Amino acid sequence: MKQTQDPPGAVVARLRGVVKRFGTVTALAGLDLELRRGELTAVFGPNGAGKTTAIKLLLGLARPTAGSVELFGHAPGDLEVRRRRGAMLQVGKVPETLTVGEHLELFASYYLHPLAVAEVLRRTGLERLAGRRFGELSGGERQRTLYALALVGDPELLFLDEPTVGMDVEARRAVWQEIRHTVDEGRSVVLTTHYLEEADALAERVVVLHQGRMLADGDPASIKRQAALRRVRCRTLLPKATLLALPGVRQLIEEGDHVELLVAEAEPLVRELLALDPQVADLEVRSAGLEEAFLALTAAPGSGFVVAA
């Protein structure tokens, strides 16, 4: 990666008091967000939370109704900024008739100091597809190509919108490895994904948006602690209705002859469970994952979780 003047941890992008309205709909309501060099930030939120709007503002594809947006100390649309950032968007489209290699050569020509096309093909696992037309690629291969196009300009700040959609497990994990390598090189990465395990595996920082506001900001472990949820797994003969009535149960999942109960506090539930069923077996208590924490943070008050059978 080319040398930059910004040290690790320096702020490379900033939203200050950003409001964005579309008619009577408020997509962002006074959002403050800073992105730092060498950090992978995962942005989450339910549909309508403001994730896509925030990314469009940072890319200069939209303007705020109020507040300010800057990247590298400049307006998002400045040429200096465009040369230093890359983006892979779900709405991105490229000509179907050009080959993978031709697309990379074309995109590389837009930048002063691009990465070598051969290196990008190797890093993204596209070497054998270099001569294939984009329109002939599978969904996962298209995703890898779009990722390669975002990377070829040697960006300091990389936006990845659902980068592994359509990929099988093996291809997804290969892209994860490349994203980790990208961050290790000192780049900043902003990741939006609906694969919550992806953020848990990759992100140093998770930002949760809800109704245009920041609901939480921290590393995955701290987000889980904020939700303070536990998983209680066991085998029991108690009926589902009785289990759902136990103290603090948010969710019940049946897995064969086992059940998992999602609760805010495990101790009162376990005490009551053992009192009602002394024969309970395979009892296990552990912290909830990022997905449960995310659902807990964004759930409407009193709504609880959907019971999964």
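For the structure given in this document, a descriptive report is provided here. (Residues numbered from 1 in each chain as written. Predicted model: local features only at pLDDT ≥ 70, side-chain atom pairs only at ≥ 80, totals over all residues. Heavy atoms only, no water.)

Some thoughts on the overall build of the protein chain
Okay, step 1: The number of helices and strands found in the protein chain is 11 helices and 13 strands.
Okay, step 2: In terms of overall dimensions, the protein chain has a C-alpha envelope of 70 × 45 × 40 Å along the principal axes.
Okay, step 3: One finds the centroid of the 38 positive side-chain charges in the protein chain at a distance of 5 Å from the centroid of its 41 negative side-chain charges. (Helix = DSSP H or I, 4+ residues; strand = E, 2+ residues; numbered from the N terminus. Lys, Arg positive; Asp, Glu negative; His and termini not counted. Charge placed at Lys NZ, Arg CZ, Asp CG, Glu CD.)

Brief notes about the packing of helix α3 (residues 100-108) against helix α5 (residues 139-151)
Okay, step 1: Where α3 meets α5, the axes come as close as 9 Å, and the angle between the chain directions of the two elements is 20°. In terms of axis orientation, α3 runs roughly parallel to α5. For the element pair α3 and α5, the recorded crossing hand is right-handed. On α5, the residues touching Val-100, His-103, Leu-104 and Phe-107 of α3 are Thr-145, Ala-148 and Leu-149.
Okay, step 2: Here the residues of the contact of α3 with α5 sort into 5 nonpolar, 2 polar and no charged. (Axes fitted to C-alpha atoms, helices over the stretch in contact; angles between N-to-C directions. Parallel < 35°, antiparallel > 145°, perpendicular 65-115°, else oblique. Left-handed = near helix turned anticlockwise from the far one by under 90°. Contact = heavy atoms within 4.5 Å. Nonpolar A, V, L, I, M, F, W, Y, C, P; charged D, E, K, R; others polar.)

Structural notes on the environment of Asp-32
Okay, step 1: Inspection of the secondary structure puts Asp-32 in strand β2 (residues 25-36).
Okay, step 2: The spacing of Asp-32 and Val-165 is 133 residues in sequence and 28 Å in space, taken between C-alpha atoms.
Okay, step 3: In this structure Asp-32 touches Leu-15, Arg-16, Gly-17 and Met-214, once residues within four positions along its chain are discounted.

Things to note about the packing of aromatic side chains
Okay, step 1: Going through the model one piece at a time under the given rule, you end up with 1 aromatic pair.
Okay, step 2: Ring geometry for Phe-107 against Tyr-110: centres 5.6 Å apart, planes inclined by 50°, an arrangement best described as tilted.
Okay, step 3: Overall, Phe-107 belongs to the partly exposed group, its relative accessible area being 23%.
Okay, step 4: Judged by relative accessible area, Tyr-110 falls into the exposed class, the value being 51%.
Okay, step 5: Between the NZ or CZ atom of Arg-84 and the centre of the ring of Phe-72, over which it lies, the distance is 3.9 Å. (Phe/Tyr/Trp six-rings, centres within 6.5 Å; stacked < 30°, edge-to-face > 60°. Buried < 20%, exposed > 50% of the residue type's maximum accessible area, 1.4 Å probe, protein only. Lys NZ or Arg CZ within 6 Å of the ring centre and 35° of its normal.)

What about a nonpolar patch on the surface?
Okay, step 1: Where nonpolar side chains cluster on the molecular surface, the patch consists of Leu-274, Leu-283 and Val-285 and spans about 230 Å² of accessible area.
Okay, step 2: For Val-285, the location among the structural elements is in strand β13 (residues 281-287).
Okay, step 3: A relative accessible area of 43% means that Val-285 is categorised as partly exposed. (Patch = residues over 30% accessible without salt bridge, like charges linked within 9 Å, V, L, I, M, F, W, Y side chains within 5 Å. Areas by Shrake-Rupley, 256 points an atom, 1.4 Å probe, with all protein chains shown as cover. Salt bridge = Lys/Arg side-chain N within 4 Å of Asp/Glu carboxyl O.)

Comments concerning the nonpolar core
Okay, step 1: Counting residues in hydrophobic clusters, the biggest one holds 43 residues, and the most contacted among them are Leu-40, Phe-44, Leu-104, Tyr-147, Leu-160, Ile-179 and Val-206.
Okay, step 2: Among the elements that take part in this core, α5 stands out by supplying 6 residues, more than any other.
Okay, step 3: Aside from chain neighbours lying at most four places away, what touches Leu-160 is Met-88, Tyr-147, Ile-179, Val-189, Val-190, Leu-191 and Thr-192.
Okay, step 4: If you look at the next biggest cluster of nonpolar residues, it comprises 24 residues, including Val-12, Val-18, Leu-35 and Ile-55. (Core = buried A, V, L, I, M, F, W, Y, C linked by side-chain atoms within 4.5 Å.)

Description of helix α6 (residues 169-184)
Okay, step 1: Counted at 1.5 Å a residue, the expected span for α6 with its 16 residues is 22 Å, and the 23 Å between its end C-alpha atoms agrees.
Okay, step 2: Of all the positions in α6, only Ala-171, Arg-172, Val-175, Trp-176, Glu-178, Ile-179, Thr-182 and Val-183 are classed as buried.
Okay, step 3: On its buried face, α6 is in contact with β3 (40-44), α4 (117-123), α5, β6 (157-161), β7 (188-192) and α7 (196-202).
Okay, step 4: The backbone nitrogen of Glu-170 lies 3.3 Å from a side-chain oxygen of the residue at the head of α6, namely Asp-168. (Expected span 1.5 Å × (residues − 1). Polar contact = N/O pair within 3.5 Å; in protein donor to acceptor, adjacent residues only side chain to side chain.)

A closer look at helix α1 (residues 51-58)
Okay, step 1: For α1, the buried fraction is high: 6 of the 8 residues fall into the buried class.
Okay, step 2: Those residues of α1 lying buried are Lys-51, Thr-53, Ala-54, Ile-55, Leu-57 and Leu-58.
Okay, step 3: Just downstream of α1, Gly-60 is the residue with a positive phi angle, here 75°.

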